[in-house]
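Listed below are the residues making up each chain.
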Amino acid sequence: MDNISPEKRSKIMKAIRSKDTRPELLVRKLLTSMGYRYRLHSRDLPGKPDITFKGRKKIVFIHGCFWHAHTCQGGRVPVGEYWQKKLNANMERDKANNQKLIALGWDTLTLWECELNDLALIEMRLRQFLGKSKAITSQD
Ligand SMILES: [Zn+2]
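Here's a quick rundown of the structure. Quick caveat, the model's predicted, so the values are computed rather than measured.

Here's the deal with the overall build of the chain
Step number 1: A tally of regular secondary structure across the chain gives three helices and four strands.
Step number 2: Starting at the N terminus and ending at the C terminus, the chain contains elements arranged as α-β-β-β-α-β-α.
Step number 3: Taking all 140 residues of the chain together, the buried fraction comes to 35%.
Step number 4: Nonlocal contacts in the chain, meaning residues at least 24 apart in sequence, comprise 58% of its contacts between residues at least 6 apart.
Step number 5: For the chain, the accessible area works out to roughly 8,900 Å², and carbon and sulfur atoms hold 54% of it.

Structure representation (structure tokens):
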């Protein structure tokens, strides 16, 4: 066990979690401005993916570096068995969900929180992944 008190731990987790929603909002705004239409947290799909493009059969995940244990600076796992277990479980779950979605015929793209500093690049990657936007396709 690590030596952080439960109260302190839940405080830390809260702080991190609320920060975690910002990257998703950023990407949603970007997608809207690009003319794409999407659904959020589709309950009928494994892992309730962040952003779903039904007509295109594409899914975009926005991963917070901490919670999804990215290999960057922000994804460093804190010392202690608790975090190692928790973040490992998150990573395994991500992997399993991704495989299920692919098996169901979906294409997935994962964007990391730390990559959102370069929105021009993100926009390019989204366009490449999703194809033409609303103006031309009629579905989704
Ligand atoms: Zn990262």
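After that view, the rundown keeps rolling.
Here's the deal with the sheet that holds strand β4 (residues 107-112)
Step number 1: The four strands are arranged β1-β2-β3-β4 in an open sheet whose pairing can be described as mixed. Edge positions in the sheet fall to β1 (39-40) and β4, since each of these pairs with one other strand and no more.
Step number 2: Looking at chain direction, strand β2 (residues 51-53) and strand β3 (residues 58-63) are connected through three bridges and run antiparallel. By the bridge assignment for β3, Ile 51 is matched with Val 60.
Step number 3: Contacts between helix α2 (residues 81-103) and the sheet are confined to β3 and β4, with β3 contributing the most and set at about 170° to the helix.
Step number 4: Sheet strands touched by helix α3 (residues 119-130): β2, β3 and β4. Its angle to β4, the strand with the most contacts, is close to 175°.

Side note on the side chain of Asn 97
Step number 1: Inspection of the secondary structure puts Asn 97 in helix α2.
Step number 2: Beyond its immediate sequence surroundings of up to four residues, Asn 97 is in contact with Pro 46 and Gly 47.

Things to note about the coordination of the zinc ion
Step number 1: Those protein atoms acting as donors to the zinc ion are Cys 65 (SG), His 70 (ND1), Cys 72 (SG) and Cys 114 (SG), and they sit at 2.0 to 2.4 Å.
Step number 2: Seen from the zinc ion, its four donor atoms lie at angles of 101 to 122°, and the figure they make is tetrahedral.
Step number 3: All donor residues of the zinc ion come from one chain, and their arrangement in sequence is C-x4-H-x1-C-x41-C. Of the two residues, His 70 sits in the loop between β3 and α2 while Cys 114 sits in the loop between β4 and α3, which places them 44 residues apart along the sequence.

Comments concerning the pattern of salt bridges
Pairing is possible between side chains that carry opposite charge, provided their charged atoms lie close to one another.
Step number 1: Following the criterion strictly, the structure yields seven salt bridges and no others.
Step number 2: For Asp 44, the salt bridge goes to Arg 39, with nearest N and O atoms at 4.0 Å.
Step number 3: Given a relative accessible area of 58%, Asp 44 falls into the exposed group.

Thresholds, definitions, all that
- Numbers given to residues run from 1 along each chain, matching the order in which its sequence is written.
- Note on the predicted model: pLDDT of at least 70 is required for a residue's local features to be given, and 80 or more for side-chain atom pairs to be given and counted; whole-chain, interface and lining totals, by contrast, use all residues.
- To get the side-chain values, all heavy atoms of the structure are used, and hydrogens and water are removed first.
- For helices the rule is a DSSP run of H or I covering at least 4 residues; for strands it is a run of E covering at least 2, with both sets numbered from the N terminus onward.
- Note on exposure labels: buried denotes an accessible area under 20% of the residue type's maximum, exposed denotes more than 50%, and partly exposed covers the range between, all computed with a 1.4 Å probe on protein chains only.
- By definition in these notes, contact holds between two residues if any of their heavy atoms fall within 4.5 Å.
- For the area figures, the Shrake-Rupley method with a 1.4 Å probe applies, and any residue is considered shielded solely by the protein chains shown.
- By the convention used here, strands pair only if DSSP detects at least 2 bridges between them.
- Geometry is summarised by axes, namely lines fitted to C-alpha atoms with helices restricted to the contacting stretch, and by angles between N-to-C directions that run from 0 to 180 degrees.
- Coordinating donors are taken to be N, O and S atoms lying within 2.8 Å of the metal, or within 3.2 Å when the metal is Na, K or Ca; because water is excluded from the atom set, some sites may appear incomplete.
- Here the metal geometry follows the donor angles, with tetrahedral for four donors whose angles all fall between 85 and 135 degrees, square planar for four and octahedral for six when opposite donors are more than 155 degrees apart and every other angle is between 65 and 115, and irregular for all the rest.
- What counts as a salt bridge is simple: a side-chain nitrogen of Lys or Arg found within 4 Å of a carboxyl oxygen of Asp or Glu.

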